[in-house]
Amino acid sequence: MIDVISLDKQFVAGTYNRFPVSVQYGKGSFLYDQSGKEYIDMGSGIGVTAFGISDDEWVKAVTDQLTKVQHTSNLYYTSPCVLLAKTLCERTGLKKVFFSNSGAEANECAIKTARKYAQDRRGKDCYKIITLKNSFHGRTITTLSATGQDCFHNTFTPLTDGFLYATANDLESVKSLVDDTVAGVMIEVVQGEGGVIALDNDFVVGVYELCKEKDLVFICDEVQTGNGRTGKLYGYMHYGVTPDIVTTAKGLGGGLPIGACMMGEKTQSVLGFGDHGSTYGGNPVCSAGALSVINRLDQKFLDGVEQKSKYVFDRLKKMKGVVSVSGKGLMIGFKTEKPAKEVVLSCIDGGVLCLTAKDKVRLLPALNIPLNVLEKALDVIEWACKP
Ligand SMILES: *Cc1c(COP(=O)(O)O)cnc(C)c1O
């Protein structure tokens, strides 16, 4: 048996403070480590494995495509990519899709599109994007700059110019930043890394209306909230607004790297030949996986996500040692009397893998996790939270 943990420490760049679990294989919502110990997966690879590990239907979609053609470059057409784009547009009402490989790259595309939209109409000085304090938009230099948390900025300056930070749920703070140099506003309707905090309805609607009035590009970063995670296909659908751009990634591919920047009525024609590109973007294998994920997220399935969400919220709210619960759908954060990290480590002992977000424990289980597995996981979480 190879010593995965010490080889990782020796040869893999030290950017991740990993938990002491070496995953060997899994099925559905169960993972197994090198010693054969079983874990219930309440993190799904940070909201990526939407239908769990090695789901039969997803594996078939991916392997069928894998045995046909695995990659072509974007010099040619492929059917999984266009079918996925068509499906996303039909399900959202958005008009065009650019495919990337990650969430950060989907946001890069959104930022480029917003800048070009504004500069084409209002000149070179109109390029700034308002984002929110406590947001998270990615790790590239530009998306770091978009991220409204100083702790991510410190040692990577100079960052990309042109981001302004407003306060979440304070519409006046957004309005006060808008001037002739502002091209758009980018928000996460539920701040994920920032602590699983759903934005207020009035605030999201207010930002949407402000963008409409001032002809700003309204961008929803749905990298984490998208693809059924919050109980609707996309999180913005809880708020009755129509974004000009929606970005997504994480759960979209169900475990393969794909992101999407979806453009609406206003922004659909902004990017032209040569304006943007990606070697892997819309890769046929990733697209086939994503298509199978999206096709399964029908209303009946999403109702099931909401039901499971209610079960988790109800149980957490009653738990000893749990101080508060937040989030939407199966994107859930809770504050505990004990430090979150301590709770997560106890859960690992008890055979449950959870995440953290800031000072909270975060749960992002597979959307198809069976209720009895969810019950078992919450029993362990209850034990771990007990003061
Ligand atoms: C994870 C995340 C990103 C970054 O996605 P990557 O695929 O890691 O580049 C961007 N925005 C939000 C809201 C995220 O949760």
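See above for the structure.
Calculation criteria
- Residues numbered from 1 in each chain as written.
- Predicted model: local features only at pLDDT ≥ 70, side-chain atom pairs only at ≥ 80, totals over all residues.
- Heavy atoms only, no water.
- Axes fitted to C-alpha atoms, helices over the stretch in contact; angles between N-to-C directions.
- Helix = DSSP H or I, 4+ residues; strand = E, 2+ residues; numbered from the N terminus.
- Parallel < 35°, antiparallel > 145°, perpendicular 65-115°, else oblique.
- Left-handed = near helix turned anticlockwise from the far one by under 90°.
- Contact = heavy atoms within 4.5 Å.
- Nonpolar A, V, L, I, M, F, W, Y, C, P; charged D, E, K, R; others polar.
- Near = heavy atom within 4 Å.
- Polar contact = N/O pair within 3.5 Å; in protein donor to acceptor, adjacent residues only side chain to side chain.
- Areas by Shrake-Rupley, 256 points an atom, 1.4 Å probe, with all protein chains shown as cover.
- Phe/Tyr/Trp six-rings, centres within 6.5 Å; stacked < 30°, edge-to-face > 60°.
- Buried < 20%, exposed > 50% of the residue type's maximum accessible area, 1.4 Å probe, protein only.
- Lys NZ or Arg CZ within 6 Å of the ring centre and 35° of its normal.
- Arc of directions from axis to C-beta.
- 1 Å grid on protein atoms, 1.4 Å probe; cavity = no way out; pocket = protein on both sides within 12 Å on 5 of 7 lines; lining within 4 Å.
- Points joined across faces, edges and corners; volume = space filled by probe spheres on them.
- Patch = residues over 30% accessible without salt bridge, like charges linked within 9 Å, V, L, I, M, F, W, Y side chains within 5 Å.
- Salt bridge = Lys/Arg side-chain N within 4 Å of Asp/Glu carboxyl O.

Draft legend 1. Spotlight on the packing of helix α3 (residues 56-66) against helix α10 (residues 284-296). Running from N to C, α3 and α10 point in directions that differ by 150 degrees, and their axes come no closer than 8 Å. When the interaxial angle is binned, α3 and α10 end up roughly antiparallel. Crossing of α3 over α10 shows right-handed handedness. Across the interface between the two elements, E57, W58, A61, V62, Q65 and L66 from α3 touch P284, V285, A288, G289, S292, V293 and R296 from α10. Partitioning the contact of α3 with α10 into residue classes produces 8 nonpolar, 3 polar and 2 charged.

Draft legend 2. The arrangement of the site of the ligand in detail. Contacts to the ligand come from S102, G103, A104, N107, F136, H137, G138, E188, D221, V223, Q224 and K250. Here an oxygen atom of the ligand and a backbone polar atom of G103 are 2.8 Å apart. Measuring from an oxygen atom of the ligand, one finds a side-chain N or O atom of K250 at 2.6 Å. In isolation the ligand has 380 Å² of accessible area, and contact with the protein removes 81% of it. No other element matches the 3 residues that helix α5 (residues 103-122) contributes to the shell around the ligand.

Draft legend 3. Highlighting the packing of aromatic side chains. Tallied over the full model, the rule gives 4 aromatic pairs. Ring centres 5.1 Å apart and planes at 40 degrees place the aromatic pair F51 and F301 in the tilted group. With F51 in the loop between α2 (44-47) and α3 and F301 in helix α11 (residues 299-318), this pair connects stretches of sequence that are 250 residues apart. For the pair shown, F51 and F301 are each scored as buried. Each ring, one from Y208 and one from F218, has its centre 6.1 Å from the other, and the planes form 50 degrees; the classification is tilted. Taken together, the positions of Y208 in helix α9 (residues 201-214) and F218 in strand β10 (residues 217-221) put the pair 10 residues apart, joining distant regions of the chain. Considered together, Y208 and F218 belong to a single accessibility category, that of buried residues. In this arrangement the basic side chain of R121 is found over the ring face of Y117, its NZ or CZ atom lying 3.8 Å from the centre.

Draft legend 4. Broad picture of α3. Every buried residue of α3 is listed here: W58, V62 and Q65. The buried residues of α3 occupy an angular sector of 65 degrees when projected down its axis, which confines them to one face. Turned more than 90 degrees from where α3 packs its buried face, D56 and K60 sit exposed. Looking at the buried residues of α3, the elements they touch are α4 (79-92) and α10.

Draft legend 5. Representation of empty space enclosed by the protein within the structure. Across all of its chains, the model carries 1 cavity of 30 Å³ or more by this definition. Counted as a void, the largest cavity has a volume near 40 Å³. In terms of lining, the largest cavity is formed by G47, A50, V223, Q224, G226, N227, R229, K250, G251 and L367. The residue makeup of the lining of the largest cavity, split by class, is 3 nonpolar, 5 polar and 2 charged.

Draft legend 6. Highlighting a nonpolar patch on the surface. A surface patch of nonpolar side chains, about 400 Å² in accessible area, is lined by I2, L7, F11 and V12. Inspection of the secondary structure assignment puts V12 in the loop between α1 (4-11) and β1 (23-27).

Draft legend 7. Geometry of the pattern of salt bridges. For the structure on display, the rule yields 18 salt bridges. Between E265 and K95 there is a salt bridge, and its shortest N-O distance comes to 3.8 Å. Taken as a pair, E265 in the loop between β12 (259-263) and α10 and K95 in the loop between α4 and β4 (96-100) lie far apart in primary sequence, 170 residues in all. Residue E265 is classed as exposed on the basis of its relative accessible area, which comes to 59%.

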